[in-house]
Number of protein chains: 2
Amino acid sequence: MSKKLTKRAEDYSKWYNELVVKADLAENSAVRGCMVIKPYGYAIWEKMQAELDRMFKETGHQNAYFPLFVPKSLFEAEEKNAEGFAKECAVVTHYRLQNDPDKPGKLRVDPEAKLEEELVVRPTSEAIIWNTYKGWIQSYRDLPLLINQWANVVRWEMRTRLFLRTAEFLWQEGHTAHETEAEAIAEAELMNGVYANFAENFMAIPVVKGLKTESERFAGAVETYCIEALMQDGKALQAGTSHFLGQNFAKAFDVKFTSKEGKQDYVWATSWGVSTRLMGALIMTHSDDHGLVLPPNLAPNQVVIVPIYKTDEQFEEVSKVANSIMSDLRSKNISVKYDNRTTFRPGAKFAQHELQGVPLRIAIGPKDLENGTVELARRDTLTKEVVALDALTDTVEGLMKIIQDDLYKKAFDFRAEHTTKVDTFEEFKNVLENTGGFISAHWDGTTETENQIKDITKATIRCIPEGYVEEAGMCVFSGKPSKRRVLFAKAY
Amino acid sequence: MSKKLTKRAEDYSKWYNELVVKADLAENSAVRGCMVIKPYGYAIWEKMQAELDRMFKETGHQNAYFPLFVPKSLFEAEEKNAEGFAKECAVVTHYRLQNDPDKPGKLRVDPEAKLEEELVVRPTSEAIIWNTYKGWIQSYRDLPLLINQWANVVRWEMRTRLFLRTAEFLWQEGHTAHETEAEAIAEAELMNGVYANFAENFMAIPVVKGLKTESERFAGAVETYCIEALMQDGKALQAGTSHFLGQNFAKAFDVKFTSKEGKQDYVWATSWGVSTRLMGALIMTHSDDHGLVLPPNLAPNQVVIVPIYKTDEQFEEVSKVANSIMSDLRSKNISVKYDNRTTFRPGAKFAQHELQGVPLRIAIGPKDLENGTVELARRDTLTKEVVALDALTDTVEGLMKIIQDDLYKKAFDFRAEHTTKVDTFEEFKNVLENTGGFISAHWDGTTETENQIKDITKATIRCIPEGYVEEAGMCVFSGKPSKRRVLFAKAY
């Protein structure tokens, strides 16, 4: 496989697919649509998990684990949810294989080991969880119930792409139960806010918080809150969703509680999730034609040191300096790797770390030893500078914050440049075709108009942005009156 | 449900099942044989995960993630492994449900959405992983490959028990690839050592390290190393296994590498795993008739503070002291919870924390405020003492280590008392019937004898202990010559 990446301007989609594989993030597996997350990609996902987990616990949530399988009778209990996921679910029908009498050495399903009731591999866990909550919730004392699960889920997607859309993916799903409607809505909003905060401050990805329209809502939700990010090719990516589920699941699974006043009522619910799809958002927000660009918060190695040497003695001296730099940086909680592999030349190492997005690279050679300096290269700007050894730790520490902030700012500016207000459908189509990005336009509020716009342009309403300003206008498509602009875009 | 636990002496098995549910660790789900791990149980599992993960990384391993499904053709490639797991595997045959034409509102499998090739839900991941490694390993430069995965697996067990044997369970599985046989054996031994270290120093569970006999080996392994623990009822529990797989999987999946000398050879492999079964080992090593007993290392809350008060003023004053104690303890990295719920009386709180095994309980009442003291209760010994406030932090900090050590010592002494050397089969049967525990006896080395002993007594060879001393003797069953004693026991 060639080391050279396709350029983004040439073919963005090809660039993405190549980058994911060449940077050792993930690859396709022998199972249709399922990916292997490779160690480097998984290390980034672990950093996301750790921070999200911290944020969930800080907001009062606990982790638990529910079964992988959903019996068909539970799966179909909440009708809309079932309808939404029935077309793409993996179904377990048997619990044993046996030797195939016709093909020696091969196995086949044992026809006598057919399950009485089929098991659906969870595409999402509302059904199995609400069936469990029925046993956990009797009184207001049991509420709120604030639970999160880290798990794998399966949705039998027909067209898959690494991280963006895979048959199996990893995610977290929060499932909460509340006494009142207002409290459940507040929870759904709170968690959408947690996601926005995480995306912006940890991943350096600016997002728009908003509400989905009816046609884009989660199957079984009353409202779906979301965060929407804008990728470099002008397409939007839904990066997280938080659902207010009303009493739909409580009614489907008969989950009632006795209030302080002694009355029986159905419980109010939310669910919320983000997935390994965030890896796709990360890649398509920051990376460039040279490969991955990682914000320091998410980099498995924030700094890499590459020794330059010809003789064993030089190697030894360089290594001494490298070790001392490492211990200084680690004392500041900066992760650093010394790439002292002897099987690769410095040029190959530089290329690999560039491809894998290590934020800072330090090179140390014999000249540096003489001068008491190192060469410091920034991955995001591809700039180099010579830094005195005794200023290195402070410089690196400062750059960690600067790079993180710069990446956010760059993405923020890109989004600002690619968010366009339009007032006619001509403009709408022009912008979509030429610059892409978010289009802020009036909409008459009907699913019919939304669908027609989608059929003609492939753009969908990404969200009704939070805190929009009321503004009288006319629907960009139907000309009917509208009270606010919504955000359209083509989307992943 | 009554709050009282069945006593261990009455019915150990019932005691266990009740404890798991009443202490809020786990419960059965709507899916046959699959459990729900409740937040309190999951918090303990997370502590195990964090420490194991740290130990794996410290020994050079990286995490990755491989697909949940194994295509049948890969599943059957390593014959012994396939044979070992075929009888208990969940099989996905369809990828869609549709409305059932005969039953309105119900779904059924869509007969047109039958998979061309069935997918096995992983019971273990050697097949899918070695099929992937084929693409990752070309040369000695790619070795060793040291990878771990945290995942769920499914084995369709007919008789299930919470944590001990469930159709779905959580585990970690390490899968490594090496240049030489010696290196792979060293890895398998290293990881069995990591497990022993973890069990003893973190979980306070003494274990015997050893090798499995041929009939107890993992399906597809050349050797299986294990750690065996002894439960309070005199039955053994296999707490972790580490397998030297030889070149079996490399041959089945054609994974070769080019050596430094330019020769092609098959790669050598190991795999190793521990699971949520460890929760069962934890419970049955330390707990008592009052409920769970947790070593401080594994306790989600190491200390709980219960306020005793009659008036609001007293509650306020007690809370002030509690808050100050909490900040002192937290500064020493001791986790502490203030149980200030107003919906429960102190007695109920005491009972709950006892049932849930919180290592230390601090009670503060009006008299304590006057005297500058608190009441400190140890869960493991069920003893109480009055401690001066200004000595509290030091006392608690000291007790964290003392309790951890005492629990280990108690379990160690129990095992010593329940490990018996026997030289005749009469003795063997007597010991098994009366005291139970480990029986150290000579064995002639044949599977035939092993099976006969098992048929008669239900005892199996738990392991050939590591570092055994050669000792001439006669097989306890066949009377044939034997060079060493092995450990027998009835087992979970």
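Residues numbered from 1 in each chain as written. Chains lettered and ligands numbered in written order. Predicted model: local features only at pLDDT ≥ 70, side-chain atom pairs only at ≥ 80, totals over all residues. Heavy atoms only, no water.

Enquirer: Mind showing me how you'd approach the overall build of chain A here?
Expert: Scanning chain A from N- to C-terminus turns up 14 helices and 27 strands. Here chain A has a C-alpha radius of gyration of 26 Å; the compact-globule value for 492 residues is 23 Å, and the two agree. With the C-alpha coordinates aligned to their principal axes, the bounding extent of chain A is approximately 80 × 70 × 55 Å. In chain A, which comprises 492 residues, the share counted as buried stands at 58%. Looking at chain A alone, contacts between residues at least 24 apart form 67% of all its contacts between residues at least 6 apart. Here chain A has roughly 20,700 Å² of accessible surface; of this, 48% comes from carbon and sulfur atoms. Side-chain charges of chain A comprise 62 positive and 72 negative groups, with the mean position of each set lying 3 Å from the other. (Helix = DSSP H or I, 4+ residues; strand = E, 2+ residues; numbered from the N terminus. Rg over C-alpha atoms; globule rule 2.2 N^0.38 Å. Buried < 20%, exposed > 50% of the residue type's maximum accessible area, 1.4 Å probe, protein only. Contact = heavy atoms within 4.5 Å. Areas by Shrake-Rupley, 256 points an atom, 1.4 Å probe, with all protein chains shown as cover. Lys, Arg positive; Asp, Glu negative; His and termini not counted. Charge placed at Lys NZ, Arg CZ, Asp CG, Glu CD.)

Enquirer: For this particular structure, what's the right way to read the interface of chain B and chain A?
Expert: Quite often, the size of an interface is put as the accessible area lost when its parts meet. Taken residue by residue, the interface counts 64 residues in chain B and 64 residues in chain A. Roughly 5,200 Å² is buried in total at the junction of chain B and chain A, and carbon and sulfur atoms are behind 68% of that figure. Applying the counting criterion to the chain B and chain A interface returns 4 salt bridges. The salt bridge partner of Lys106 of chain A is Glu76 of chain B, with a shortest N-O separation of 3.8 Å. Seen at the junction of chain B and chain A, the total is 30 residue pairs in polar contact (both at pLDDT 80 or more). Residues of the side of chain B that touches chain A, tallied by class, amount to 38 nonpolar, 10 polar and 16 charged. Taken together, the 3 bridges between strand β5 (residues 91–94) of chain A and strand β5 (residues 91–94) of chain B define a ladder with antiparallel strand orientation. Of the residues in β5 of chain B, the one forming a bridge with Val91 of chain A is His94 of chain B. (Buried area = accessible area lost by both parts, 1.4 Å probe. Salt bridge = Lys/Arg side-chain N within 4 Å of Asp/Glu carboxyl O. Polar contact = N/O pair within 3.5 Å; in protein donor to acceptor, adjacent residues only side chain to side chain. Nonpolar A, V, L, I, M, F, W, Y, C, P; charged D, E, K, R; others polar. Pairing = 2+ DSSP bridges.)

Enquirer: Help me understand the pattern of salt bridges in this model?
Expert: Close approach of charged atoms lets side chains of opposite charge pair. Residues and elements named next belong to chain B. Under the defined criterion, the tally for this structure stands at 56 salt bridges over all chains. The closest approach of N and O atoms between Lys38 and Asp24, which form a salt bridge, is 2.8 Å. Residue Lys38 is located in the loop between β2 (35–37) and α2 (39–58), and its partner Asp24 is located in the loop between α1 (12–22) and β1 (26–28); the two are separated by 14 residues in the primary sequence. Overall, Lys38 belongs to the buried group, its relative accessible area being 11%. For Glu179, the salt bridge identified is with Lys260, shortest N-O distance 3.8 Å. Placement of Glu179 in the loop between β10 (168–178) and α6 (181–201) and of Lys260 in the loop between β14 (256–258) and β15 (264–266) is noted, with a sequence separation of 81 residues between them. In this structure Glu179 comes out as buried when scored by relative accessible area, which is 19%. A relative accessible area of 56% places Lys260 in the exposed class.

Enquirer: Looking at this structure, how should I read the packing of aromatic side chains?
Expert: Residues and elements named next belong to chain B. The tally for this structure, following the rule as stated, stands at 42 aromatic pairs over all chains. Taking the centre distance of 4.8 Å and the plane angle of 35° together, the rings of Tyr12 and Trp15 count as tilted. Of this pair, Tyr12 and Trp15 both sit in helix α1, 3 residues apart, roughly one helical turn. One exposure class covers both Tyr12 and Trp15, and it is buried. (Phe/Tyr/Trp six-rings, centres within 6.5 Å; stacked < 30°, edge-to-face > 60°.)

Enquirer: Even after reading the chapter, I still don't get the UniProt feature "domain: Aminoacyl-transfer RNA synthetases class-II family profile" (unreviewed entry) in chain A, so can you show me in this structure?
Expert: Look at the UniProt record and you will see "domain: Aminoacyl-transfer RNA synthetases class-II family profile" (unreviewed entry) annotated at residues 27–295 of chain A. Taken end to end, residues 27–295 of chain A is 30% helix and 32% strand, and its first and last C-alpha atoms sit 22 Å apart. (UniProt positions renumbered as here; feature names shortened; annotations may be inferred.)

Enquirer: Please clarify how the packing of helix α9 (residues 312–331) of chain A against helix α12 (residues 389–417) of chain A should be interpreted in this entry.
Expert: A pair of packed helices is characterised by two quantities: the angle between their axes and the separation of those axes. Residues and elements named next belong to chain A. With their axes 10 Å apart at the nearest point, α9 and α12 run at an angle of 35° to one another. For the crossing formed where α9 meets α12, the hand is right-handed. For the pair formed by α9 and α12, the contact residues are Val321, Ile325, Asp328 and Leu329 on the first element and Leu389, Leu392, Thr393 and Val396 on the second. (Axes fitted to C-alpha atoms, helices over the stretch in contact; angles between N-to-C directions. Left-handed = near helix turned anticlockwise from the far one by under 90°.)

Enquirer: Explanation requested: the nonpolar core in the structure shown.
Expert: Nonpolar side chains in soluble globular proteins generally cluster together in the buried interior. In terms of nonpolar packing, the biggest core is built from 104 residues, with Phe69 of chain A together with Phe69 of chain B touching the most fellow members. Residue contacts for Phe69 of chain A: discarding those within four places in its chain leaves Val92, Leu119, Val120, Val121 and Ile128 of chain A together with Val31, Cys34, Ala90, Val121, Val154 and Trp156 of chain B. (Core = buried A, V, L, I, M, F, W, Y, C linked by side-chain atoms within 4.5 Å.)

Enquirer: What should I look at first to understand helix α9 (residues 312–331) of chain B in this one?
Expert: For an α-helix, 3.6 residues make a turn, and residues three or four places apart therefore share a direction. Residue and element names in this part refer to chain B. Its 20 residues give α9 an end-to-end C-alpha distance of 29 Å, which sits within 8% of 28 Å, the value for a rise of 1.5 Å per residue. If you check which residues of α9 are buried, you get Val318, Ser319, Val321, Ala322, Ile325, Met326 and Leu329. Contact partners of the buried residues in α9: β17 (303–307), β18 (336–338), β19 (360–364), α11 (366–371), β20 (373–378) and α12 (392–417). Backbone geometry just after α9 places Asn333 at a positive phi near 60°. (Expected span 1.5 Å × (residues − 1).)

Enquirer: How do you make sense of unusual backbone geometry when you look at a structure like this?
Expert: As a rule of thumb, non-glycine residues mostly have phi less than zero, and peptide bonds are mostly trans rather than cis. Residue and element names in this part refer to chain A. A cis geometry characterises the amide bond from Leu143 onward to Pro144, with omega recorded as -10°. Mapped onto the secondary structure, Pro144 falls in the loop between α5 (126–136) and β9 (145–154). Of note, the phi angle at Ala204 is positive, near 60°, even though the residue is not glycine. With respect to the secondary-structure elements, Ala204 resides in the loop between α6 (181–202) and β11 (208–211). A relative accessible area of 0% means that Ala204 is categorised as buried.

Enquirer: I would appreciate a short explanation of the relation of the copies chain B and chain A in the present structure.
Expert: In summary, the two copies of the chain are related to each other by a rotation about an axis coupled with a shift along it. The transformation that overlays chain B on chain A combines an axial shift of 0.0 Å with a rotation of 180°, and the residual RMSD is 0.0 Å. Such a combination of rotation and displacement between the chain copies is what one expects of a two-fold axis. No C-alpha of chain B lies nearer the rotation axis than that of Val92 of chain B, which sits 2.1 Å from it. Counting the interface residues of chain B, we find that 100% of their copies in chain A are interface residues as well, pointing to one common contact surface. (Least-squares fit on C-alpha atoms with pLDDT ≥ 70 in both.)

Enquirer: Any chance you could explain the side chain of Gln356 of chain A here in plain terms?
Expert: Residues and elements named next belong to chain A. Mapping Gln356 onto the fold places it in the loop between α10 (346–355) and β19 (360–364). Given the relative accessible area of 8%, Gln356 is considered buried. Looking at Gln356, its side chain comes within polar contact range of the main-chain oxygen of Ala23, at 2.9 Å. Excluding anything up to four places from it in sequence, Gln356 contacts Ala23, Asp24, Tyr40, Leu292 and Leu294.

Enquirer: Before we go on, may I ask you to explain the pairing of strand β16 (residues 268–275) of chain B in this structure?
Expert: Each regular strand carries side chains that alternate between the two faces of the sheet. Residues and elements named next belong to chain B. Buried residues dominate β16, accounting for 8 of its 8 residues. Burial of the side chains of β16 extends over both faces: Trp268, Thr270, Trp272 and Val274 are buried on one face and Ala269, Ser271, Gly273 and Ser275 on the other. Taken together, the 5 bridges between strand β13 (residues 236–246) and β16 define a ladder with antiparallel strand orientation. For Gly246, the partnering residue across the bridge sits in β16 and is Ala269.

Enquirer: What am I meant to see in the pairing of β20 of chain B here?
Expert: All names here are of chain B. Here β20 lies mainly inside the structure; 5 of its 6 residues are buried. As defined by bridge partners, β19 adjoins β20 across 4 bridges and the pair is classed as antiparallel. The residue of β20 that forms the bridge with Ile362 is Leu376. When β20 meets strand β21 (residues 383–388), the two strands line up antiparallel, connected through 6 bridges. By the bridge assignment for β21, Thr373 is matched with Ala388.

Enquirer: I would appreciate a short explanation of the sheet that holds β18 of chain B in the present structure.
Expert: Within a beta sheet, neighbouring strands are joined by backbone hydrogen bonds and run either parallel or antiparallel to one another. Residue and element names in this part refer to chain B. Taken together, 5 strands build an open sheet; the order of strands is β18-β17-β19-β20-β21 and the sheet is mixed. The sheet terminates laterally at β18 and β21, the two strands that pair on one side only. Neighbour-to-neighbour, the strand axes of this sheet turn through a mean angle of 25°, independent of strand direction. Sheet contacts for α9: β17, β18, β19 and β20; angle to β18, the most-contacted strand, approximately 165°. On top of the sheet, α12 reaches β17, β19, β20 and β21; it is set at about 5° to β20, its chief contact.

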